[in-house]
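Summary of structural features
Given next are the chains, with one letter for each unit.
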Amino acid sequence: MDKHIKHEDNSRLKALNLYDNEEEIAKISSALSVKTRRDIIKLVNTSGITISEIAWKLNIPVSTASFHVKTLIDAGLLIYSNTNKKVGNEKRVFLGNYLFTLFTGNARAQATIKEETKTINIPIGSYTDYQIEPTCGIATEKGHLFISDTPCIFSSPNRFEAGLIWLKQGFLEYSIPLLDFNYAQDTGVSYSDKKSIISLSFSFEICSECANYNHNFKSDITFSINGVELCTYLSPGDFGERRGKLNPEWWVDNNTQYGILLNLDVRFDGTYLNEKRVSDVSIADIGLLNSNLLKFKIEVKKDAKHVGGFNLFGKGFGDYDQDILLAVTYQKSIAKIDK
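Anyway, here's the lowdown on the structure attached to this text. Here the residue numbering is sequential within each chain, running from 1 through the sequence in written order. This being a predicted model, a pLDDT of at least 70 is required before a residue's local features are given, and a value of 80 or more before pairs of side-chain atoms are given or counted; all residues contribute to the totals for chains, interfaces and linings. Heavy atoms throughout the structure, all of them, feed into the side-chain values; hydrogens and water do not.

Moving on, we come to the pattern of salt bridges. Whenever a carboxyl oxygen of Asp or Glu lies within 4 Å of a side-chain nitrogen of Lys or Arg, that contact is scored as a salt bridge. This structure, assessed with the given rule, holds nine salt bridges. Residues Lys-35 and Asp-39 are paired through a salt bridge, measuring 2.9 Å at the closest nitrogen-oxygen approach. Placement of both Lys-35 and Asp-39 in helix α2 (residues 35–44) is noted, with a separation of four residues, approximately one turn of the helix. Note on exposure labels: buried denotes an accessible area under 20% of the residue type's maximum, exposed denotes more than 50%, and partly exposed covers the range between, all computed with a 1.4 Å probe on protein chains only. Here Asp-39 falls in the buried class, since its relative accessible area comes to 18%. Linking Arg-242 and Asp-319 is a salt bridge whose minimum nitrogen-to-oxygen distance equals 2.6 Å. Separated by 77 residues along the polypeptide, Arg-242 in the loop between β15 (228–235) and β16 (260–267) and Asp-319 in the loop between β20 (310–313) and β21 (324–338) bring together distant segments of the chain. What you see here is one network of salt bridges that share partners, running through Asp-265, Arg-267 and Glu-275. What counts as a helix is a DSSP run of H or I of at least four residues, what counts as a strand is a run of E of at least two, and both are numbered from the N terminus.

Here Thr-222 lies in strand β14 (residues 219–225). According to the relative accessible area criterion, Thr-222 is buried, its value standing at 5%. A 3.5 Å cut-off defines polar contacts: any pair of N or O atoms within that distance qualifies, except that in protein one atom must be a possible hydrogen donor and the other a possible acceptor, and neighbouring residues in sequence count only when both atoms are side-chain atoms. Polar contacts involving the side chain of Thr-222 include one to the side chain of Thr-232, which spans 2.8 Å. Only heavy atoms enter the contact rule, under which two residues are in contact if any of them lie within 4.5 Å. In this structure Thr-222 touches Glu-229, Cys-231, Thr-232, Lys-297, Ile-298, Glu-299 and Lys-301, once residues within four positions along its chain are discounted.

Take the side chain of Asn-311 next. Here Asn-311 is to be found in strand β20. There is a polar contact of 2.7 Å between the side chain of Asn-311 and the backbone oxygen of Ser-208. Not counting residues up to four positions away in its chain, the partners in contact with Asn-311 are Leu-164, Ile-165, Trp-166, Glu-205, Ile-206, Cys-207, Ser-208, Glu-209, Asp-238 and Thr-256.

Here we come to the packing of helix α3 (residues 51–58) against helix α4 (residues 62–74). Here an angle of 0 to 180 degrees is reported between the N-to-C directions of two axes, which are lines fitted to C-alpha atoms, with helices fitted over the stretch in contact. With their axes 8 Å apart at the nearest point, α3 and α4 run at an angle of 115 degrees to one another. As for how α3 packs across α4, the hand of that crossing is right-handed. Contact residues: Ile-51, Ile-54 and Ala-55 in α3; Val-62, Ala-65, Ser-66 and Val-69 in α4. Each residue receives one of three labels: charged for Asp, Glu, Lys and Arg, nonpolar for Ala, Val, Leu, Ile, Met, Phe, Trp, Tyr, Cys and Pro, and polar for the others, Gly being one of them. In terms of residue class, the contact of α3 with α4 is built from six nonpolar, one polar and no charged. Note on convention: near helix rotated counterclockwise from far helix by under a right angle means a left-handed crossing. Clockwise means right-handed.

To continue, consider the pairing of strand β17 (residues 270–273). Whether two strands pair depends on DSSP finding at least two bridges between them. One ladder, built from four bridges, connects β16 with β17; its direction is antiparallel. Counted as the bridge partner of Arg-267 is Gly-270 from β17. The antiparallel hairpin formed by β16 and β17 contains two residues in its connecting segment. Sheet topology places β17 next to strand β18 (residues 276–279); three bridges connect them, and they run antiparallel. Pairing of Tyr-272 across the sheet is with Arg-277, part of β18. Between β17 and β18, which pair antiparallel and follow one another directly, the connecting turn spans two residues, one of which, Asn-274, has a positive phi of 50 degrees.

Structure, rendered in structure tokens:
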């Protein structure tokens, strides 16, 4: 196998022969012998990070972080991105050949890292807890399902039909089972467990809430998982100058019409909102192993600077024909031994 593995090789596989590559094995062992370098690898994982971010997270000088990163790169454990994407003037570093295959005698082990994503559809009306202050209401494609501005309607079993939910202040919380699971594939049964989760990605359409609509009506909307706040999104307004692409014919023109599609990602190195890093909260911080339920909360707090509520769009309303989508990505190692 070629000694130099390129970044675009998705297998991220490095083959070493114990009989022929003593020098290279010694270099790798030396690189991993320092705890700071092992900590750097934990930070980098699959998401990539800059040297300045490493220095900040580990509370070490940038020059020290740079020295350790160079050592890891020389050993093939880290690589610079081969794209032009930078944070400021810095390129990100990524994991390089972090899974090793050792050839011993006549037995050869081949291994690769594989990522699998499971997508879960969460109907916007399937919340398991709520706290609501008017104005509020729920609508379906067939018409207003409930009387507006009456919070007790949010307990109705018919809420699962919701295509649009709005509230002035309060929260909706969704409980999603997140279990270890087996599922059938063409090659047999695949097993996944929570320990191998490397990212959670939520996608949903949302905007502020006011009477009729107002493009300059701001709202601070906070997102949490398992009681841990991820970030607060400043919604710029409540949109309605045109009809939403999917809204039913009966929906009145001067009502809220559409929102903004948000992609909220929790990764190993922090939380991202539409690909912009917005907080340090990572997968390791949200207690995935503490319970089989993942609790996702969308909230406008009483003491927020902008208490502007939210409209949450589901299928049949707004511009995007979807409810809340959760993509759970698992990382697996697949090994095969040939003799």
